[in-house]
Amino acid sequence: MKSNNTKFSPVLSEKGRYMEENNTLIDDKGRKLDSSELVRRGLLVGVSAGVLGTTFILKEGENSLGRDSACSIRIHDRHISGIHCIIRAEDKSLILEDADSSNGTYLNRKKIKKPTPLNYGDRIVAGETIFRLLFEEEL
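Draft legend 1. The pattern of salt bridges, seen in detail. Scanning the entire structure with this criterion turns up 3 salt bridges. The residue E62 makes a salt bridge to R88 at a minimum N-O spacing of 3.3 Å. Of this pair, E62 sits in strand β5 (residues 61-66) while R88 sits in strand β7 (residues 85-90), placing them 26 residues apart in sequence. Relative accessible area serves as the criterion here: at 43%, E62 is assigned to the partly exposed category. Among the ionic contacts, a cluster of salt bridges with common partners joins E62, R88 and E97.

As structure tokens, this is what we get:
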């Protein structure tokens, strides 16, 4: 697979540009959608070396991410704690929570200190591993 240096743009406007200010998706009819209209299942997609292209389907309930073999999302990154963070999938919403990790969990370049709602296209960093959050879609 050929690699390029283009900016990853999971959230598109009518003109196909990322809308950083509010993480809103504009559909092809100009209608604003929020994540509750898109979600069937959340998908955590690896976008950094070591996990590039790896997709994890988030199950209903608790999804633990870390190095520990008990984690539902197991990542081999020496900067990730045994259980680094938790993503809770409940009632069509996703909540990210740091699990008292050594290096912290970052959402859109900000360290999270409390359970935080996730939106389509969010950038999640644990250790030196970067993910983007997408949702299963239907035609």
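After that view of the structure, there is still more to cover.
Draft legend 2. Up close: the sheet that holds β7. The mixed open sheet is built from 5 strands, whose spatial order is β6-β5-β7-β8-β11. In this open sheet, the two edge strands, each paired with only one partner strand, are β6 (73-74) and β11 (116-117). Sheet analysis places strand β8 (residues 93-98) next to β11, joined by 2 bridges and oriented antiparallel. By the bridge assignment for β11, I95 is matched with P117.

Draft legend 3. How the structure looks around the environment of R67. Within the secondary structure layout, R67 lies in the loop between β5 and β6. If sequence neighbours within four positions are ignored, R67 has contacts with R74, I75, D77, R78, I80, S81 and G82.

Draft legend 4. Up close: the sheet that holds strand β4 (residues 55-57). Spatially, the 6 strands line up as an open sheet ordered β4-β3-β13-β12-β9-β10, and their pairing is antiparallel. Across the chains shown, the open sheet's two edge strands, defined by having one partner strand only, are β4 and β10 (110-111). Pairing of strand β3 (residues 42-46) with β4, which is carried by 3 bridges, proceeds in the antiparallel orientation. Among the inter-strand pairings, V45 is bridged to a residue of β4, identified as T55.

Draft legend 5. Structural detail: the pairing of strand β13 (residues 129-135). The element β13 is largely enclosed, with a buried count of 6 among its 7 residues. Sheet analysis places β3 next to β13, joined by 5 bridges and oriented antiparallel. Among the inter-strand pairings, G42 is bridged to a residue of β13, identified as F135. The pairing of strand β12 (residues 123-126) with β13 spans 4 bridges and is antiparallel.

Draft legend 6. The state of the cysteines, seen in detail. Applying the stated criterion across every chain yields a total of 0 disulfides. No disulfide involves C71; its sulfur sits 8.7 Å from that of C85, the nearest cysteine. Residue classification places C71 among the buried residues on the basis of a relative accessible area of 8%. In this structure C85 comes out as buried when scored by relative accessible area, which is 1%.

Draft legend 7. Local environment of the side chain of S64. Structurally, S64 is set in strand β5. In contact with S64, not counting residues within four places along its chain, are A70, C71, S72, I73, I83, C85 and I86.

Draft legend 8. Molecular detail of the packing of aromatic side chains. The tally for this structure, following the rule as stated, stands at 2 aromatic pairs. Note on F56 and F131: the rings are 6.3 Å apart at their centroids and 70° apart in plane angle, and the pair reads as edge-to-face. Separated by 75 residues along the polypeptide, F56 in strand β4 and F131 in strand β13 bring together distant segments of the chain. Each member of the pair, F56 as well as F131, carries the same accessibility label: buried. On the numbers, 5.9 Å between centres and 25° between planes, the contact of Y120 with F135 is stacked. In this pair, Y120 is assigned in the loop between β11 and β12 and F135 in strand β13, connecting sequence segments 15 residues apart. For the pair Y120 and F135, a shared accessibility class is recorded, and that class is buried.

Cut-offs used in this document
Residues numbered from 1 in each chain as written. Predicted model: local features only at pLDDT ≥ 70, side-chain atom pairs only at ≥ 80, totals over all residues. Heavy atoms only, no water. Salt bridge = Lys/Arg side-chain N within 4 Å of Asp/Glu carboxyl O. Helix = DSSP H or I, 4+ residues; strand = E, 2+ residues; numbered from the N terminus. Buried < 20%, exposed > 50% of the residue type's maximum accessible area, 1.4 Å probe, protein only. Pairing = 2+ DSSP bridges. Contact = heavy atoms within 4.5 Å. Disulfide = S-S within 2.5 Å. Phe/Tyr/Trp six-rings, centres within 6.5 Å; stacked < 30°, edge-to-face > 60°.

Keep in mind these numbers describe shape, not what the thing actually does.
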